[in-house]
Amino acid sequence: KERLVISIMRMENITFSTKNPMELLNQKKVYNFLNLYSVYLFNKEPIFNKEVSKKQNITFPDGKIVSWKLGIPQKRGPTFTKEFLTSSLAKTKKHFFICNVGGETISQKTGISENKIYSYNIPYIKNLEFSEEEKNKVVSLLKEFKPDYIWVCIGNPKQEILANQLYKKYTSTYFNVGAGLEFLLGEKKEAPNFWRSMGLEWFYRLITDFNYSWKKVWRSFIALKYLKKIKVE
């Protein structure tokens, strides 16, 4: 069973799945892991709202507050990333990564053969949408490599927007996991279990990486007012 979350503000729909994402890997969809900051973006960024509302999306509550509001289990993107990429199944599949980490490093940390990995470091942009030229370049690489899974690790909301726009050009399975890959590879330090279990992962990131995190944390607090605009059916 899935729960339908309706934003009264924009009257757009997001379907949050109650299942474990590992159970849904056979579906060619766009997999999102959204938290309170994502709720803020959903109400403030029309393009993000539009893309994550499309029917090809399967969404999981990444944050404890969102999962509590929906009444369904929390499914963290970093946890899924580690669980899947270190599984025996992952080693039999081809993976395309949109990230800033090389394929050799990913192979060493996951045990996946390097010839089953393609890593593309997409250029940084200030805007939320990449150019058509850049998206077409990525699609050409995808058609050549023919991956089973595509991992978009460039942060929210750019990754969700890009994945959905690529999906229209190249239908496949997309995972939007943000910093999940960097946590797995040791490029960034993940909050210890204690902080995560208490729902205070945001606070850990704030005190350990203030310059990067403060704006997201502040906007997450603003998003608390939007929770009452969410209806679960």
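Residues numbered from 1 in each chain as written. Predicted model: local features only at pLDDT ≥ 70, side-chain atom pairs only at ≥ 80, totals over all residues. Heavy atoms only, no water.

Caption draft 1: The nonpolar core, seen in detail. By size, the foremost hydrophobic cluster in this structure holds 24 residues, and its most contacted members are Phe 80, Phe 84, Phe 97, Ile 106, Trp 151, Phe 175 and Leu 181. Counting residues per element, the ones that place at least two in this core are β3 (30-34), β4 (57-61), α4 (77-85), β7 (149-152) and α8 (180-185). If sequence neighbours within four positions are ignored, Phe 84 has contacts with Met 22, Leu 25, Leu 89, Ala 90, His 95, Tyr 149, Trp 151 and Phe 175. One finds Tyr 120, Ile 125, Phe 130 and Ile 150 within the second-largest nonpolar core, a separate group that totals 20 residues. (Core = buried A, V, L, I, M, F, W, Y, C linked by side-chain atoms within 4.5 Å. Buried < 20%, exposed > 50% of the residue type's maximum accessible area, 1.4 Å probe, protein only. Helix = DSSP H or I, 4+ residues; strand = E, 2+ residues; numbered from the N terminus. Contact = heavy atoms within 4.5 Å.)

Caption draft 2: Spotlight on unusual backbone geometry. For the bond from Asn 156 to Pro 157, the omega torsion is 10 degrees, close enough to zero to count as cis. Tracing the sequence through the fold places Pro 157 in the loop between β7 and α7 (158-169). The residue Lys 146 is not glycine, and still its phi comes out positive at about 55 degrees. Here Lys 146 lies in the loop between α6 (132-145) and β7.

Caption draft 3: Representation of the pairing of β7. The alternating pattern of β7 places Tyr 149 and Trp 151 on one face and Ile 150 and Val 152 on the opposite face, and all of these are buried. Where strand β5 (residues 95-98) lies against β7, four bridges are found, and the strand directions are parallel. Within the sheet, the bridge partner assigned to Phe 96 lies in β7 and is Ile 150. Judged from the four bridges that link them, β7 and strand β8 (residues 173-176) form a sheet pairing that is parallel. For Val 152, the partnering residue across the bridge sits in β8 and is Asn 176. Between β7 and its parallel partner β8, the chain crosses via α7, and the hand of that crossover is right-handed. (Pairing = 2+ DSSP bridges. Right-handed = clockwise from strand over helix to strand, strands pointing away.)

Caption draft 4: Expanded view of the environment of Lys 189. For Lys 189, the location among the structural elements is in the loop between α8 and α9 (193-197). Note: C-alpha distance between Lys 189 and Ser 172 (17 residues apart in sequence) is 30 Å. In this view, Lys 189 contacts Phe 183 and Tyr 204; residues no more than four positions away in its chain are not counted.

Caption draft 5: Summary view of the side chain of Ser 213. Within the secondary structure, Ser 213 sits in helix α11 (residues 210-223). Among the residues examined, Ser 213 registers a relative accessible area of 5% and is labelled buried. Apart from residues lying up to four places away in sequence, Ser 213 is in contact with Arg 205 and Leu 206.

Caption draft 6: Examining the pattern of salt bridges more closely. According to the stated counting rule, one finds eight salt bridges in the structure shown. When the shortest N-O distance is used, the salt bridge between Arg 76 and Glu 201 registers 3.0 Å. On the criterion of sequence distance, the pair formed by Arg 76 in the loop between α3 (64-70) and α4 and Glu 201 in helix α10 (residues 201-208) is long-range, its members being 125 residues apart. In this pair, the class of Arg 76 matches that of Glu 201, namely buried. One salt bridge in this structure joins Glu 132 and Lys 169, with 3.0 Å as the shortest N-O distance. Separated by 37 residues along the polypeptide, Glu 132 in helix α6 and Lys 169 in helix α7 bring together distant segments of the chain. (Salt bridge = Lys/Arg side-chain N within 4 Å of Asp/Glu carboxyl O.)

Caption draft 7: Up close: the packing of α10 against α11. One can describe the packing of α10 onto α11 by two numbers: an axis separation of 7 Å at closest approach and a directional angle of 145 degrees. Classified by chirality, the crossing of α11 by α10 is left-handed. On the side of α10, the interface is formed by Trp 202, Arg 205, Leu 206 and Thr 208, while α11 contributes Phe 210, Ser 213, Trp 214, Val 217 and Phe 221. Class assignment of the residues belonging to the contact of α10 with α11 gives a composition of six nonpolar, two polar and one charged. (Axes fitted to C-alpha atoms, helices over the stretch in contact; angles between N-to-C directions. Left-handed = near helix turned anticlockwise from the far one by under 90°. Nonpolar A, V, L, I, M, F, W, Y, C, P; charged D, E, K, R; others polar.)

Caption draft 8: Geometry of the environment of Phe 130. Tracing the sequence through the fold places Phe 130 in the loop between β6 (117-120) and α6. Classification of Phe 130 by relative accessible area gives buried; the value is 7%. Ignoring sequence-local partners within four residues, the contact set of Phe 130 consists of Ile 122, Pro 123, Ile 125, Lys 135, Ile 154 and Leu 162.

Caption draft 9: Inspection of the packing of aromatic side chains at higher detail. Following the criterion strictly, the structure yields 21 aromatic pairs and no others. For the ring pair Phe 33 and Phe 60, a centre distance of 5.3 Å and an interplane angle of 25 degrees mean the geometry is stacked. One end of the pair, Phe 33, is in strand β3; the other, Phe 60, is in strand β4, and 27 residues separate them in sequence. The same class applies to Phe 33 as to Phe 60, namely buried. Here the guanidinium or amino end of Lys 94 rests over the ring plane of Phe 145, the centre of that ring lying 4.3 Å away. (Phe/Tyr/Trp six-rings, centres within 6.5 Å; stacked < 30°, edge-to-face > 60°. Lys NZ or Arg CZ within 6 Å of the ring centre and 35° of its normal.)

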